[in-house]
Amino acid sequence: MLSRTADHLFWMARYTERAENTARMLDVHYQTSLLPQSDAVARQGWEGLLRISELMQAYQYQYGEVSARDVLQFMVRDEYNPSSIYSCLRAARENARAVRGVLTTELWEAHNQTWLELQRLLKAGEFERDPARFFEWVKFRSHVSRGVAYGTMLQDEAFHFLRMGTFLERADNTARMLDVKFHATPTEAATPGAVAGTDPTLDFYHWSSILRSVSAFEIYRKVYRSVITPERVAELLILRPDMPRSLSACVEEVVRNLEAVRNAQSAETERHAGRLRAELRFARIDEILANGLHAFLTQFLERINALGTRISQTFLLPVPA
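What comes next is a walk through the structure. (Residues numbered from 1 in each chain as written. Predicted model: local features only at pLDDT ≥ 70, side-chain atom pairs only at ≥ 80, totals over all residues. Heavy atoms only, no water.)

1. A short note on the environment of Leu-103
- Along the chain, Leu-103 falls in the loop between α5 (85-98) and α6 (105-123).
- On a C-alpha basis, the gap between Leu-103 and Ala-158 in space is 8.5 Å, while along the polypeptide they are 55 residues apart.
- Those residues in contact with Leu-103 that lie beyond four places of it in its chain are Leu-9, Met-12, Ala-96 and Trp-108. (Helix = DSSP H or I, 4+ residues; strand = E, 2+ residues; numbered from the N terminus. Contact = heavy atoms within 4.5 Å.)

So this is what it looks like as structure tokens:
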């Protein structure tokens, strides 16, 4: 497969997943903002979302003070924000158009319809009228894209690059979602083993919102059948291989698809991916917490992003003559 084609497929999947992840984060913060709380606490939540996405500086340059309305506009429909839902779905559609001949008709139509319908919804003011419904629509369209790809595409190299892009993006997002706890309460990040907050009620709502943001609330209840505790939330979203959005499950999928497209130059990339998978597979949550969850997540984000760079250099960029 040509590097250019693989690159378009890889980023088509990443942008689609990123749009869904952004919708998940915004939906949880929007729903949480409706609970009784002070303006300072509400603002802190929106600031945490921008920092998690590494967009605080770009936001302040355009809008200045942090407010719920401006953050939503910035993260949903701002065409100058490369991580907004609008920009991500536009980029996904453009990457799909560039490799139209490689995609099945159904998959191309799914991306094209999503882009056309997004423009209609934003123009009609559907987002402002009911943000929660709009976020559900974004998540649904991402599900449609993945389902159509899985159900109609030949499972060849093109399919494997799509899957790699999806799970690299998802792993990055899950780690950032967990780390939002420590952006909200920075004193915990400096204390190894510190996880729970000082207010049990606020702590429950905070961790349950993280579970809901990755569609894991019902899964948590099924697996643990008890009250929500930070330690078990961390275990579920980091180490459980049967949890679709856990770090372990995502890295497992990346390694599996990486092995399927291996070439003469990919041995070192596979080694790094396999080492990360082995460390997650044999890790224990008590050891992770003893060393500090924030430190673990920071290191994981560095390694998963370095792995993405290695994959790009190995498969997606032209090899120098």
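2. What about the layout of surface pockets?
- Reported here for the second largest pocket is a volume of approximately 310 Å³.
- Where the lining of the second largest pocket is concerned, the elements lending two or more residues are α1 (3-33) and α9 (157-184).
- The element contributing the most residues to the lining of the second largest pocket is α1, with 5 residues.
- Among the residues forming the lining of the second largest pocket, the class breakdown is 3 nonpolar, 6 polar and 6 charged. (1 Å grid on protein atoms, 1.4 Å probe; cavity = no way out; pocket = protein on both sides within 12 Å on 5 of 7 lines; lining within 4 Å. Points joined across faces, edges and corners; volume = space filled by probe spheres on them. Nonpolar A, V, L, I, M, F, W, Y, C, P; charged D, E, K, R; others polar.)

3. Quick word on the packing of aromatic side chains
- Inspection of every chain in the model, using the stated rule, returns 13 aromatic pairs.
- For the ring pair Tyr-220 and Tyr-224, a centre distance of 4.8 Å and an interplane angle of 40 degrees mean the geometry is tilted. With a gap of 4 residues between them, Tyr-220 and Tyr-224 both fall in helix α12 (residues 217-224), about one helical turn apart. In this structure, Tyr-220 and Tyr-224 share a single accessibility class: buried.
- Positioned above the aromatic ring of Phe-217 is the side chain of Arg-212, whose terminal nitrogen or guanidinium carbon lies 3.8 Å from the ring centre. (Phe/Tyr/Trp six-rings, centres within 6.5 Å; stacked < 30°, edge-to-face > 60°. Buried < 20%, exposed > 50% of the residue type's maximum accessible area, 1.4 Å probe, protein only. Lys NZ or Arg CZ within 6 Å of the ring centre and 35° of its normal.)

4. Some words on helix α14 (residues 247-260)
- When the terminal C-alpha atoms of α14 are compared, their 20 Å separation across 14 residues agrees well with the 20 Å that a helix rising 1.5 Å per residue should span.
- Counting buried positions along α14 gives 10 out of 14 residues, so the element sits mostly inside the fold.
- Where α14 is concerned, the buried positions are Leu-247, Ser-248, Ala-249, Cys-250, Val-251, Glu-253, Val-254, Val-255, Asn-257 and Leu-258. (Expected span 1.5 Å × (residues − 1).)

5. Regarding the packing of α1 against α5
- Direction vectors running N to C along α1 and α5 enclose 160 degrees, while the axes themselves pass 8 Å from each other. When the axis of α1 is compared with that of α5, the two are roughly antiparallel. As for the relative orientation of α1 and α5, their crossing is left-handed in sense. Where α1 approaches α5, its residues His-8, Trp-11, Met-12, Tyr-15, Thr-16, Arg-18, Ala-19, Thr-22, Ala-23 and Leu-26 are matched on the opposing element by Ile-85, Cys-88, Leu-89, Ala-91, Ala-92, Asn-95, Ala-96 and Ala-98.
- Here the residues of the contact of α1 with α5 sort into 13 nonpolar, 4 polar and 1 charged. (Axes fitted to C-alpha atoms, helices over the stretch in contact; angles between N-to-C directions. Parallel < 35°, antiparallel > 145°, perpendicular 65-115°, else oblique. Left-handed = near helix turned anticlockwise from the far one by under 90°.)

6. Digging into empty space enclosed by the protein
- For the coordinates displayed, the defined rule picks out 2 cavities of 30 Å³ or more.
- In this model, the largest cavity occupies a volume close to 160 Å³.
- Taken together, 15 residues make up the lining of the largest cavity; nearest its centre are Ala-13, Ser-145, Arg-146, Ala-149 and Thr-166.
- Looking at the lining of the largest cavity, the elements that each hand over two or more residues are α1, α6, α8 (131-152) and α9.
- Counting residues per element, the lining of the largest cavity draws most heavily on α8, at 5 residues.
- Residue classes in the lining of the largest cavity are distributed as 7 nonpolar, 5 polar and 3 charged.
- Quantified by volume, the second largest cavity comes out at close to 60 Å³.
- Taken together, Thr-16, Leu-89, Ala-92, Arg-93, Ala-110, His-111, Thr-114, Trp-115, Arg-141 and Ser-145 form the lining of the second largest cavity.

7. What about the environment of Leu-289?
- Note that Leu-289 resides in helix α16 (residues 285-291).
- Classification of Leu-289 by relative accessible area gives buried; the value is 8%.
- Note: C-alpha distance between Leu-289 and Met-12 (277 residues apart in sequence) is 35 Å.

8. Digging into the nonpolar core
- Core analysis: the largest hydrophobic core is formed by 94 residues, its most contacted members being Phe-134 and Ile-238.
- Looking at this core, the element that brings in the most residues is α9, giving 12 residues.
- Not counting residues up to four positions away in its chain, the partners in contact with Ile-238 are Leu-178, Ser-246, Leu-247, Ser-248, Leu-280, Ile-285, Ile-288, Leu-293, Phe-296 and Leu-297. (Core = buried A, V, L, I, M, F, W, Y, C linked by side-chain atoms within 4.5 Å.)

9. What to know about the state of the cysteines
- Counting across every chain of the model gives 0 disulfides.
- Its sulfur unpaired, Cys-250 is 17 Å from the next cysteine sulfur, which belongs to Cys-88. (Disulfide = S-S within 2.5 Å.)

10. Brief notes about α1
- With 31 residues, α1 extends 44 Å from end C-alpha to end C-alpha; this agrees with the ideal 45 Å at 1.5 Å per step.
- Counting buried positions along α1 gives 22 out of 31 residues, so the element sits mostly inside the fold.

11. Some words on the side chain of Thr-174
- On the secondary structure map, Thr-174 appears in helix α9.
- By relative accessible area, Thr-174 is classed as buried at 0%.
- Not counting residues within four places of it along the chain, the set of residues in contact with Thr-174 comprises Leu-237, Arg-245 and Leu-247.

12. Considerations on the environment of Leu-121
- Mapping Leu-121 onto the fold places it in helix α6.
- Taking the C-alpha atoms as reference, Leu-121 lies 18 Å from Ala-92; in sequence the two are 29 residues apart.
- Those residues in contact with Leu-121 that sit more than four places away from it in its chain are Glu-126, Phe-127, Phe-134 and Trp-137.

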